[in-house]
Each structure stands twice: as structure tokens, then as C-alpha cells.
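Here are the chains, one letter per residue:
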Amino acid sequence: MNSANVESTTNPASAAPDRPAKDPRIIALRRFAISITVFNILGHTVLGFEPSWATPLAAMAVAYVMELGLETLDAWATRRPVKYAGGPAALVNFLMPAHITALACAMLLYANARLGPVIFAVIVAVASKYLIRVRIGGRPRHVLNPSNFGIAVVLVLFPWVGIAPPYQFTEWVGTPLDLAIPALILAAGTMLNAKLTKKMPLILGWIGVFALQALVRTPIEGTATLSALLAMSGVAFVLFTNYMITDPGTTPVRPRNQFLFGASTALVYALLVHLHVVYGLFFALVIVCVLRGAALAVMDVRQRAAARTVPLAEPKAVPRPAPARGGVLATGEEAK
């Protein structure tokens, strides 16, 4: 139970008028943060994650410092209050995206015993939220999925760094747990996206076109259909589908646009695979986010240009009713 619920039950008369409405985005962030935290703890104790404990701890520390520092600087530059002001609950809510980003980078990147690439990925991810923005609805918004962008940049700049091997997610457990774990993650993520983030159209577009491209590649490239579809059975794909591509802050809201976003990511992935580009999942999402951000920027420029060129509307002339023959005029002016 959070503090708002406690207040509403202990003093309903005073809390009812000012009680803030439950924000689905905050609820989704909390559950995302709890889920990824529990999964990381289980991964390092039960499942078989190969990076050391220092990796997620260092990533979280860097993410917190970066988020607080850049938010303070941005608030000072734009002369607005900092978003983390308002008490411990506000601070925790503010740091949840950074927390998720840090654990995602630490969990998905594999840099052997080195912390540098993971920390660099976290720095790039958090910084991208403040440096790469597009004005949407009059407000600057980041358009790149932070953790995905940080991972992609590291994969480009550090060729010896890879993605965590799929086996590590169930390395220390045997059957049937190695089958139950992906199913549990899939069920929890699907419920989270269906009830809170409302990103099911995006997931359907992503999964549907991903399966379709696997079928199409068979006659074109000679790839075995089962091999192309096998990627969808791994924990990494399940995590990417439910916790990466569905980021509420960097994906469309309308169901049709969500479907197009997911389908476009799968199509770009197929093109990258055809060109023999590895780690296509992460690069495809970056490319689609960049294209969406460019389209939003163009739309914003056009809207602002149209707003400047629209002439002021002239007041419409009110038709004057013709006085009836022999009738009484309505006003003194008409009487003249």
C-alpha cells in the first residue's frame, strides 16, 4: 500500500478532495521496476547470470547520479522546478526510469568482467533523454528508447561486447523450470502491457510481422523457417517484446500507430538480417525510433508554420433582419 492509500483510509474527509488520481504510467513504472529488480536478483542467485554483482550495482549508481544531475541542470536552464521535488515518493518515482534503464543495460549486455561498457551504455541512455528531443504537443519529449539506444551504441563502439547469451537466463535450472520461466515472464509482461501500458497493438504488430518475415525469408534466402522462428522462443526475445519495445515514453499512443510501429520494427529487423547485420533487434528499434522522431519533428515545424500564416479571422457580420412592414423596430439604432 502506498502513502496515498494510507492517507485516504485514515483521514478520508481531508484526503478525498485533494487525493491525486492513480496514474497508470506510474503504476506501470513501479511494476516494471519491481519486475526487473526481482528478475535480476533471481538471475544472480538462482538462474545463472554470468556478470558479477558489481555490474548492476555500478549501473544503478551511475544512472541515479546522471538522472539527478541532468534533471537539475535542465530545470535550472529552463527555469522550472525539478521533477524529483516533493518528498521521498516523488524522488522514487522520478528515479524509476533510470533504475529500469540501468538494470536492462546490465542484464542484456555482456562485457565479460569489465564494467566500462555497461556504465558507458547507461551514460548514453540517460543522456539521450535530455539531448535528443523533439517538440511534441508544445513540449520537448525524448524519442529514443533510452536503454535500447545505449546498448546499440555500445555494440557499435565496442565490437568485442555482445548481448548476454540466452542460456544464462535459465543456466542453473533444469526442466521444467527452464520452460516455466519464459512462460512466466511472457504472462506477466503481457498482463502489464494489456492492463496498464495499453501496448497490445504494438506487440501484435511486432510479433505478427516478425513471424511473417521468418516465413518470407525461407524462399528468398533459403533460411529454415523453424530456425528463423526459433528466435521468438528465447527469454531475450520475450524480454525485448514485453519490456523494451513497449516503452510508453517513446512509442505511439493510438492503436493503429502502435501496430505500424511494431510492424515497422520487424520489417527493419528482417532487412538488417538480410544484410547480415547482427543484433538486428536493437538496431531496428533505434532506426524506427529515429524515423518516428524525424516525422514528429517535421509535423511540429509544419504546424507551427501553419499557425504563423493563418490570418486573424475577421468578425462575421451579423445579418440584420428586415423590419416587417408596419412592425416595431427592435433597437433604438434601427429606429433612427
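Data block above holds the structure.
Just so it is clear, the model here is predicted, and its values are computed rather than measured. (Residues numbered from 1 in each chain as written. Predicted model: local features only at pLDDT ≥ 70, side-chain atom pairs only at ≥ 80, totals over all residues. Heavy atoms only, no water.)

## Describing the environment of Leu42
By the secondary structure assignment, Leu42 is in helix H3 (residues 24-47). Looking at Leu42, the relative accessible area reads 39%, which means it is partly exposed. Taking C-alpha positions, Leu42 is 9.5 Å from Phe169, a pair spaced 127 residues apart along the chain. (Helix = DSSP H or I, 4+ residues; strand = E, 2+ residues; numbered from the N terminus. Buried < 20%, exposed > 50% of the residue type's maximum accessible area, 1.4 Å probe, protein only.)

## Observations concerning the packing of helix H6 (residues 116-131) against helix H7 (residues 146-157)
Closest axis-to-axis distance for the H6/H7 pair is 7 Å, and the angle between their directions is 130°. Relative to H7, H6 is oriented oblique. Handedness of the H6/H7 crossing: right-handed. Contacts between H6 and H7 involve Pro117, Phe120, Ala121, Val124, Ala125, Ser128 and Lys129 from the first element and Pro146, Ser147, Phe149, Gly150, Ile151, Val153, Val154 and Leu157 from the second. Among the residues making up the contact of H6 with H7, the classes are represented as eleven nonpolar, three polar and one charged. (Axes fitted to C-alpha atoms, helices over the stretch in contact; angles between N-to-C directions. Parallel < 35°, antiparallel > 145°, perpendicular 65-115°, else oblique. Left-handed = near helix turned anticlockwise from the far one by under 90°. Contact = heavy atoms within 4.5 Å. Nonpolar A, V, L, I, M, F, W, Y, C, P; charged D, E, K, R; others polar.)

## Details of the pairing of strand E2 (residues 133-136)
In this structure, E2 lies alongside strand E3 (residues 139-142), joined through four bridges in antiparallel fashion. In the sheet register, Arg133 faces E3, and the bridge partner there is His142. (Pairing = 2+ DSSP bridges.)

## Some words on the side chain of Asp247
Here Asp247 is to be found in the loop between helix H11 (235-244) and helix H12 (255-274). Judged by its relative accessible area of 19%, Asp247 falls in the buried class. Setting aside anything within four residues of it in sequence, one finds Asp247 in contact with Asn145 and Pro146.

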